[in-house]
Amino acid sequence: KYMTFWGFSTENWQRSKREVAYLMKLFRWVFSNKLDDFDRKNIRINVLGRVELGLVPFGAAGCVAASVFLATVPQGSGDPGSSACGWACFWLFGLGVAAGLYDVPLQAFLQQRSPAQSRGTILAAYNFLAYSGMLLAAGIFWFLAAVLRLPARQIFLTAGLVTVPVLVCILWLLLASTIRLLL
């Protein structure tokens, strides 16, 4: 047996702030207090909607920008209160946010579009590739810093510039989604 429940649509944002706040509170309560009951009764919830892939190019552009700007941070003294440390933290935070804008929509897309019977395998493969890439990047960073003795700013600049072709490819592939997001 199936039941379709229309929870919230874009038109609902036009409601009064009080109504929207009440609906959000209701959703939080249901998902905080009733999921265990649903699970015991074998009730499954499928959320329908559009995954916003238009965010992915913004994430890639943010990764490029944050990496390049990390290369401009002045040499620090090691003092956590220095402006160099502050700027480095700011751009590293920006790099993390941009990486999230890149990765989260892709993960959501895979979860939404993959066949249920192979979803776990697909997500495991994605995570394996992602973490293998992180380990490879850490190894490359170690090699460039420890063996070739390149300064971190030069490594970040190179990483940002190497990411530009990825950004161009993503923009080309997701141009319609990006334009739809902006409009």
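This section reports on the structure supplied with the text.

Conventions and cut-offs
- Residues numbered from 1 in each chain as written.
- Predicted model: local features only at pLDDT ≥ 70, side-chain atom pairs only at ≥ 80, totals over all residues.
- Heavy atoms only, no water.
- Helix = DSSP H or I, 4+ residues; strand = E, 2+ residues; numbered from the N terminus.
- Rg over C-alpha atoms; globule rule 2.2 N^0.38 Å.
- Contact = heavy atoms within 4.5 Å.
- Areas by Shrake-Rupley, 256 points an atom, 1.4 Å probe, with all protein chains shown as cover.
- Lys, Arg positive; Asp, Glu negative; His and termini not counted.
- Charge placed at Lys NZ, Arg CZ, Asp CG, Glu CD.
- Salt bridge = Lys/Arg side-chain N within 4 Å of Asp/Glu carboxyl O.
- Buried < 20%, exposed > 50% of the residue type's maximum accessible area, 1.4 Å probe, protein only.
- Expected span 1.5 Å × (residues − 1).
- Bend = angle between axes of the 7 residues up to and from the residue.
- 1 Å grid on protein atoms, 1.4 Å probe; cavity = no way out; pocket = protein on both sides within 12 Å on 5 of 7 lines; lining within 4 Å.
- Points joined across faces, edges and corners; volume = space filled by probe spheres on them.
- Phe/Tyr/Trp six-rings, centres within 6.5 Å; stacked < 30°, edge-to-face > 60°.
- Polar contact = N/O pair within 3.5 Å; in protein donor to acceptor, adjacent residues only side chain to side chain.
- Patch = residues over 30% accessible without salt bridge, like charges linked within 9 Å, V, L, I, M, F, W, Y side chains within 5 Å.

**As for the overall build of the protein**
Scanning the protein from terminus to terminus reveals 7 helices and 0 strands. When the helices and strands of the protein are listed from N to C terminus, the series reads α-α-α-α-α-α-α. Its C-alpha radius of gyration of 22 Å places the protein more than 25% over the 16 Å reference for a compact globule of 183 residues. Overall, the C-alpha framework of the protein stretches about 65 × 40 × 35 Å when taken along its three principal axes. Within the protein, counting contacts between residues at least 6 apart in sequence, those at least 24 apart form 62% of the total. Of the roughly 13,800 Å² that the protein leaves accessible, carbon and sulfur atoms contribute 68%. Of the charged side chains in the protein, 16 are positive and 8 negative; the average position of the first set lies 3 Å away from that of the second.

**Here's the deal with the environment of L174**
Secondary-structure assignment places L174 in the loop between α6 (152–173) and α7 (175–182). Ignoring sequence-local partners within four residues, the contact set of L174 consists of L53, V56 and P57.

**As for the pattern of salt bridges**
Inspection of every chain in the model, using the stated rule, returns 4 salt bridges. Its salt-bridge partner being K34, residue D37 comes within 3.6 Å of it at the nearest N-O pair. Owing to a relative accessible area of 21%, D37 belongs among the partly exposed residues under this scheme. Among the charged side chains, a network of salt bridges with common partners joins K34, D37 and R40.

**A short note on α6**
End to end, α6 covers 32 Å across 22 residues, agreeing with the expected 32 Å (1.5 Å per residue, within 8%). V164 marks the point of greatest bend in α6, at about 30°, and the proline P165 comes within the next four residues. Where α6 is concerned, the buried positions are I155, G160, L167 and I170.

**Observations concerning the layout of surface pockets**
Looking at the second largest pocket, its volume works out to about 1,100 Å³. Taken together, 28 residues make up the lining of the second largest pocket; nearest its centre are G133, M134, A137, A159 and T163. Taken together, the elements giving at least two residues each to the lining of the second largest pocket come down to α3 (55–70), α4 (83–113), α5 (119–147) and α6. If one sorts the elements of the lining of the second largest pocket by residue count, α5 sits on top with 13 residues.

**A few points about the packing of aromatic side chains**
Considering all chains together, one arrives at 5 aromatic pairs under this definition. On the basis of an interplanar angle of 85° and a centroid distance of 5.7 Å, the ring pair of W87 and F90 is categorised as edge-to-face. Here F90 and W87 lie together in helix α4, a separation of 3 residues that amounts to about one turn. The class for W87 is partly exposed, based on a relative accessible area of 46%. When the ring of W87 is compared with that of W91, the centres are 6.4 Å apart and the planes differ by 20°; the resulting orientation is stacked. With W87 and W91 both in helix α4, this residue pair falls 4 residues apart, about one helical turn.

**Description of the side chain of S114**
Among the secondary structure elements, S114 is positioned in the loop between α4 and α5. According to the relative accessible area criterion, S114 is buried, its value standing at 9%. Looking at S114, its side chain comes within polar contact range of the main-chain oxygen of L110, at 2.7 Å. Discounting residues that sit within four places of it in the chain, S114 has contacts with R119 and I122.

**Some points on a nonpolar patch on the surface**
Where nonpolar side chains cluster on the molecular surface, the patch consists of F58, F93, V97, L101, L175, I179, L181, L182 and L183 and spans about 890 Å² of accessible area. Among the secondary structure elements, those contributing two or more residues to the nonpolar patch are α4 and α7. With 4 residues, the single largest contributor to the nonpolar patch is α7. Tracing the sequence through the fold places F58 in helix α3. Residue classification places F58 among the partly exposed residues on the basis of a relative accessible area of 36%.

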